[in-house]
Amino acid sequence: MVRNRVRKSEKGSFSEDSMREAVNLVNQGMSLRKAAHQTGLNFSTVFRYVKKKTKAQENEEVRMNPNYQVRQIFTREQEETLSHYIVTCARMFYGLPTLEIRRVAYQVAQANSIKYPEKWNHEEMAGVEWLYGFMKRHPMLSVRTPEGCSLSRATAFNEHNVQIFFDNLNKVYESNPAFADGTRVYNLDETATTTVQKPPKVVAEKGIKQVNKCTSAERGVLVTTCCIVNATGNTIPPVMVFPRVHFKNHMISGAPSGTLGLANPSGWMTKALFVEVIQHFIKHTQSSKTHPTLLLLDNHESHLYIKALDLAKENGVTILTFPPHSTNKMQPLDVGVYKPFKTYYNMAVDSWMMKNPGKTLSIYEIAGCVNYAHQRAMTPATIIAAFRKPGIFPYDRNVFSDIDFMSSSVTDRLDPTLKDNSPDNVINPLPSTANIVAPPSSFLSPEKIIGFPKAKDRKTNRTGRRKGKSIIATSTPEKDAIAERENMKVNPAKKRAVTRKLVPITNQSSEESSDGEIEFQESDTSEQFIEEVLNDDYEFEDLQVEPIRGDYVLVEFMTGKNKVLYVGEIIADKDENNEFEIDFLRKSDKISDHFYKPQVADISLVRLTAIKQILPKPTFLGKTNRQKSYMKFGMTFGSLNVH
């Protein structure tokens, strides 16, 4: 296998001109060592080439550098075709590993009846020596470590979707002359700022197999940071969403001046919070019907909330969305701003850890780290370049070439509206190969033998799922369609809600199940728990007894029109305001119906009316400290929206 590693040998590292100069100096009477020293070559290598020159005939041309053609097998034109095939597969996001390249070379040699070493037949692939020479003869190729890219992101970025976006952008520019100079064009996007940094490279002793760097925790706590930038290089204060039920001003201590602080138990942006973000945007841009603005953002569900769209339209904000799964190439913040922002943010967190050894970074220090990164990453030059690269400002709808769309060519198919299925109607997304010397017509290329990656015919979409696309969300037709979809979610067809109450099974033998856990069955007599079946249409019965310190309870919160439930432990009895102090748990993503306490305690005051259920005493999982951190309450929570 060919690897990118430090070269240990100097063999073949000299140029033909330097060697020819050294040989001429020796032939002119200079000593071997002096000629080698003067040209910077190894004297034994110079001696070998001098001897080679002496033995040659008078008019014979002598090669003065290593011959890498000895294991070439294929001609130069045939290798160019193979090289082009490898590059094309990589651009289609289906790059070939070195072993696969060796297999392709073997199949091509076999199909074209080209003479090759017998060893290739035993391994059914080309040898390592051939691959080494092939890579040497084609220095434009190298072994790279690719970044993962989802199939949706690879195929959704296609010319059709991109042109729809530029059509909408052109329509907005033409209808609002105020956007022409870019001063009223903005981009908004969220990014994750967690309590665990990505450690930078450090200096350590050679030979150590593992070098570690201290981080705050194994898994960080999420704080969503929403940045807003302008096409002329300006920014407005960011928005930060903290994983808390209620926001407190001290959470944004040290943040950039004017930062809007919000709170949501999950730490994610929600529809209700996005209305406040739009208010924040209108306030700082002074947007109005006489002073309009253009806001570019992705088509996340929280961004297409009808109340936010109504508020934006009333204040002259035109919202244009990017095509789905294409923000990595089209959204300015993702294209050129968030990478340096994350780099500086990690530096700030790492610096805090160095200054506070033995301490855990909490969400209350994140604001200061965001401020450090925001000041250094959000520079005018960086932001302007980020808007220019995807062709948003200045406007350039031809900024992307055929090579950029090659990843989506895997799913290109015949146009179903065309009855003629001749080769002329086949979509050929591959770029021109005019710069490559065409091989003889009798040569079977890898494309003819193996072909490029191609998806099978798409199955009929029976789910009725709506396909995403770039839209002007504040335009009346699109806004009405969004409102209609939201109404369908809020008021579905009337169905009778079914409620179930779960109680432990009491077998006649009073034995536990084989795995040691108590099983559950349905009952209509228990008052222990109710499972939601339709939307959030569940109701809890009134508490029979008042909870006390040490009880685990189910607490209900309202986020917009949605009910969210949390499990917590009462750590202080009711006060004079009829409120309990509760330490909230987090629901495990890996183990169903199990909960754990976060590293940073999430403590809040809750009124008695928000407590909906007193839960049984928890049992703990396993014997190790890690396993004991997970607790279960002997019941299933079904499809309730428990976090």
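Residues numbered from 1 in each chain as written. Predicted model: local features only at pLDDT ≥ 70, side-chain atom pairs only at ≥ 80, totals over all residues. Heavy atoms only, no water.

Glancing now at the overall build of the chain. Scanning the chain for helices and strands turns up 18 helices and 18 strands. Each of the 643 residues in the chain was classed as buried or not, and the buried ones make up 42%. At a minimum sequence separation of 6, the contacts of the chain that also span at least 24 residues come to 68%. Accessible surface, the chain: about 37500 Å² in total, of which carbon and sulfur atoms supply 50%. (Helix = DSSP H or I, 4+ residues; strand = E, 2+ residues; numbered from the N terminus. Buried < 20%, exposed > 50% of the residue type's maximum accessible area, 1.4 Å probe, protein only. Contact = heavy atoms within 4.5 Å. Areas by Shrake-Rupley, 256 points an atom, 1.4 Å probe, with all protein chains shown as cover.)

Let's shift gears to the environment of leucine 565. Inspection of the secondary structure assignment puts leucine 565 in strand 11 (residues 562-572). Separated by eleven residues in the primary sequence, leucine 565 and leucine 554 place their C-alpha atoms 6.5 Å from one another.

All of the buried residues along helix 2 (residues 32-39) are Ala35, Ala36 and Thr39. Buried residues of helix 2, seen end-on, are gathered within an arc of 100° and therefore sit on one face of the element. Looking at helix 2, the residues exposed on the side facing more than 90 degrees away from the buried face are Arg33, Lys34 and His37. As for helix 2, its buried residues are in contact with helix 1 (16-27) and helix 3 (43-55). A positive backbone phi angle near 75° is found at glycine 40, which sits one or two residues after helix 2. (Arc of directions from axis to C-beta.)

With that settled, consider the side chain of threonine 191. Checked against the element boundaries, threonine 191 lands in strand 1 (residues 185-194). A distance of 3.2 Å separates the side chain of threonine 191 from the side chain of lysine 342, its partner in a polar contact. Once residues within four sequence positions are removed from consideration, threonine 191 is found in contact with Val223, Thr224, Thr225, Tyr338, Phe341 and Lys342. (Polar contact = N/O pair within 3.5 Å; in protein donor to acceptor, adjacent residues only side chain to side chain.)

Two pairing modes exist for strands in a sheet, parallel and antiparallel, and in both the strands are linked by backbone hydrogen bonds. Spatially, six strands are ordered 4-3-2-1-5-6 in an open sheet, and the strand pairing comes out mixed. One side of each edge strand has no neighbouring strand; the edge strands of this open sheet are strand 4 (260-263) and strand 6 (317-321). On average, adjacent strands in this sheet sit at an angle of 25° to one another, irrespective of strand direction. In the sheet, strand 5 (residues 293-297) pairs with strand 6 via five bridges, with the strands oriented parallel. From the neighbouring strand, leucine 295 faces strand 6, where its bridge partner is isoleucine 319. Docked against the sheet, helix 15 (residues 380-388) engages strand 1, strand 2 (222-230) and strand 3 (235-242), running at close to 80° with respect to strand 2. (Pairing = 2+ DSSP bridges. Axes fitted to C-alpha atoms, helices over the stretch in contact; angles between N-to-C directions.)

Another aspect to go through is the packing of helix 1 against helix 2. Running from N to C, helix 1 and helix 2 point in directions that differ by 150°, and their axes come no closer than 9 Å. The orientation of helix 1 with respect to helix 2, classified from their angle, is roughly antiparallel. By crossing handedness, the relation of helix 1 to helix 2 is classed as right-handed. Across from Ser18, Glu21, Ala22, Leu25 and Val26 in helix 1, the residues of helix 2 making contact are Leu32, Ala35, Gln38 and Thr39. Tallied by class, residues from the contact of helix 1 with helix 2 come to five nonpolar, three polar and one charged. (Parallel < 35°, antiparallel > 145°, perpendicular 65-115°, else oblique. Left-handed = near helix turned anticlockwise from the far one by under 90°. Nonpolar A, V, L, I, M, F, W, Y, C, P; charged D, E, K, R; others polar.)

Attention now goes to a nonpolar patch on the surface. Side chains of Phe93, Tyr94 and Leu151 sit close together on the surface and give an oily, nonpolar patch of about 310 Å² of accessible area. Looking at the secondary structure, you find tyrosine 94 in the loop between helix 4 (76-91) and helix 5 (98-111). (Patch = residues over 30% accessible without salt bridge, like charges linked within 9 Å, V, L, I, M, F, W, Y side chains within 5 Å. Salt bridge = Lys/Arg side-chain N within 4 Å of Asp/Glu carboxyl O.)

Quick look at the sheet that holds strand 12 (residues 579-584) now. The five strands lie next to each other as 15-12-11-10-16, forming an open sheet whose pairing is antiparallel. The two strands at the open ends of the sheet, each matched to only one other strand, are strand 15 (602-607) and strand 16 (611-615). Sheet twist, expressed as the mean angle between neighbouring strand axes with direction ignored, is 45°. Pairing analysis gives eight bridges linking strand 10 (residues 552-559) to strand 11, with the strands arranged antiparallel. What sits directly across from valine 555, in strand 11, is tyrosine 566.

So, about the confidence of the model for the chain. On average, residues of the chain score 81 in pLDDT, and 83% of them reach the 70 mark or higher. Ignoring residues within four places in sequence, the model shows residues 417-440, a span with pLDDT below 50, making 26 contacts including any to other chains. Across residues 494-537, confidence stays below pLDDT 50; counting only partners more than four residues off in sequence or on other chains, it has 69 contacts. (pLDDT = per-residue confidence, 0-100.)

Attention shifts here to the pairing of strand 10. The buried fraction of strand 10 is high, at six of eight residues. As judged from the four bridges shared by strand 10 and strand 16, these two strands associate in the antiparallel manner. Each bridged residue has a counterpart across the sheet, and for valine 555 the counterpart in strand 16 is isoleucine 611.

Relative to each other, helix 2 and helix 3 sit at 115°, their axes nearing to 9 Å. When the axis of helix 2 is compared with that of helix 3, the two are roughly perpendicular. Pair helix 2 / helix 3 crosses with right-handed handedness. The residues of helix 3 that touch helix 2, namely those facing Leu32, Arg33 and Ala36, are Phe43, Val46, Phe47 and Val50. Partitioning the contact of helix 2 with helix 3 into residue classes produces six nonpolar, no polar and one charged.

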